[in-house]
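Topology and contacts: notes
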Amino acid sequence: MSYMTDLKRATGHGSAREGTRRHWGMTKSSVALLILLPFFVFTFGPMLGQPHAEVIAYFARPFPAIVAALMIVVGFMHFKNGIQMVIEDYVHGTAREYTIIITTCLSYGAAAVGVFAIAKIAL
Amino acid sequence: MADVNRGNRPLSPHLSVYRPQLTSITSILTRITGTALLLAALLTVWWFLAAASSPEYFAVADGLITSWLGDLIMTLSAWALWYHALAGLRHLVWDSGRGLDVEAAEKSGVAIIVLSIVLTILTVLIV
């Protein structure tokens, strides 16, 4: 027989009362990415393997530059939140915290590099 | 009493004794593709950074992305991207309360696999 109370058993394991917000956040970014995706694939894709001057001229135009910047920012924020869910399911203990910190920093870092690069090309 | 009926309740299926089904495979593929897309995303950011830096640096990044290895990574990533997008769309439909019965879930599972392959072929042809 255990003397644990219901509260003791639930504390630290149950809802942190932020699940709904997280899910809603993923919903919003997923809809945004669904809209961005075809525009990005068919503007960025054809530029692979093109001469440097042509790539620079293309991403100096507003539409391709804005689509690419949005895709990188929204995509990496979606990745940051999505990978955190995956980590919370599969990684346990202190490693979980370290992994989440690393993927979060990587996501913000990569998004910043992408925006900087596109801004430098476009402006 | 706190611990009545512990150990005598339904548990999540253990993977080792879990028969793979279309629904479980399409589910885990969503996570695998989402995670794997990090590689293509980082390559893309690097490609932009190289383009912003100099023609010489761009030649290196662009050369790698359009090499056979780069083509392989980008083609598989295009499939991962379409698959993950369609699986996400499937989740949005589920979130609205539709298509949750087993038959509909299996149909939509087949649909996203077929559509993702079709869209990948289209992408390779157009891009």
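The coordinates are above.
Presented here is an overview of the structure given in this document.

About the criteria used
- Note that residues are indexed from 1 along each chain, following the sequence as it is written.
- Throughout, the order in which chains and ligands are written sets their labels, letters from A for the former and numbers from 1 for the latter.
- Confidence filtering applies because this is a predicted model: local features only for residues at pLDDT of at least 70, side-chain atom pairs given and counted only at 80 or more, and all residues used for totals across whole chains, interfaces and linings.
- Secondary structure elements follow DSSP: runs of H or I no shorter than four residues count as helices, runs of E no shorter than two count as strands, and numbering proceeds from the N terminus.
- Computation of the radius of gyration draws on C-alpha atoms alone. For the globule rule, the value is 2.2 Å times the number of residues to the power 0.38.
- Neighbour counting defines burial: a residue surrounded by 20 or more other C-beta atoms within 10 Å of its own C-beta is buried, one with 12 or fewer is exposed, and intermediate counts give partly exposed, using backbone-placed C-beta atoms.
- For the purpose of contact definition, each residue receives a C-beta atom placed from its backbone, and two residues are in contact when these atoms lie within 7 Å.
- Here, a nonpolar core means buried Ala, Val, Leu, Ile, Met, Phe, Trp, Tyr and Cys residues linked by C-beta atoms lying within 7 Å of one another.
- Under the scheme applied, nonpolar residues are Ala, Val, Leu, Ile, Met, Phe, Trp, Tyr, Cys and Pro; charged residues are Asp, Glu, Lys and Arg; polar residues are all the others, including Gly.

**Details of the overall build of chain A**
For chain A, the helix and strand inventory stands at five helices and zero strands. In terms of C-alpha radius of gyration, chain A reaches 20 Å, well past the compact-globule figure of 14 Å for 123 residues. Oriented by its inertia axes, the alpha-carbon framework of chain A measures out at about 75 × 25 × 20 Å. The buried share of chain A, reckoned over its 123 residues, is 24%. Considering only contacts within chain A whose residues lie at least 6 apart along the sequence, 74% involve residues at least 24 apart.

**Section: the environment of E103 of chain B**
Assignment of secondary structure puts E103 of chain B in helix α4 (residues 102–126). Spatially, the C-alpha atoms of E103 of chain B and L125 of chain B are 33 Å apart, while their sequence positions differ by 22 residues.

**Digging into the nonpolar core**
One finds A68 and I72 of chain A together with F48 and A51 of chain B to be the most contacted residues of the largest nonpolar core, which totals 42 residues. Of all the elements in the fold, those that place two or more residues in this core are α2 (19–44), α4 (62–90) and α5 (94–122) of chain A together with α1 (22–53), α2 (55–65) and α3 (68–95) of chain B. Apart from the residues lying within four places of it in its own chain, the contact partners of I72 of chain A are A111, G114 and V115 of chain A together with V45 of chain B.

**Some words on the interface of chain B and chain A**
Interface size is commonly expressed as the accessible surface area that is lost when the partners come together. Listed by partner, the interface residues are 27 residues for chain B and 32 residues for chain A. At the level of elements, α1, α2, α3 and α4 of chain B are the ones that each hand at least two residues to the side of chain B that touches chain A. At eleven residues, α1 of chain B tops the list of elements feeding residues into the side of chain B that touches chain A. Taken together, the residues of the side of chain B that touches chain A sort by class into 18 nonpolar, five polar and four charged.

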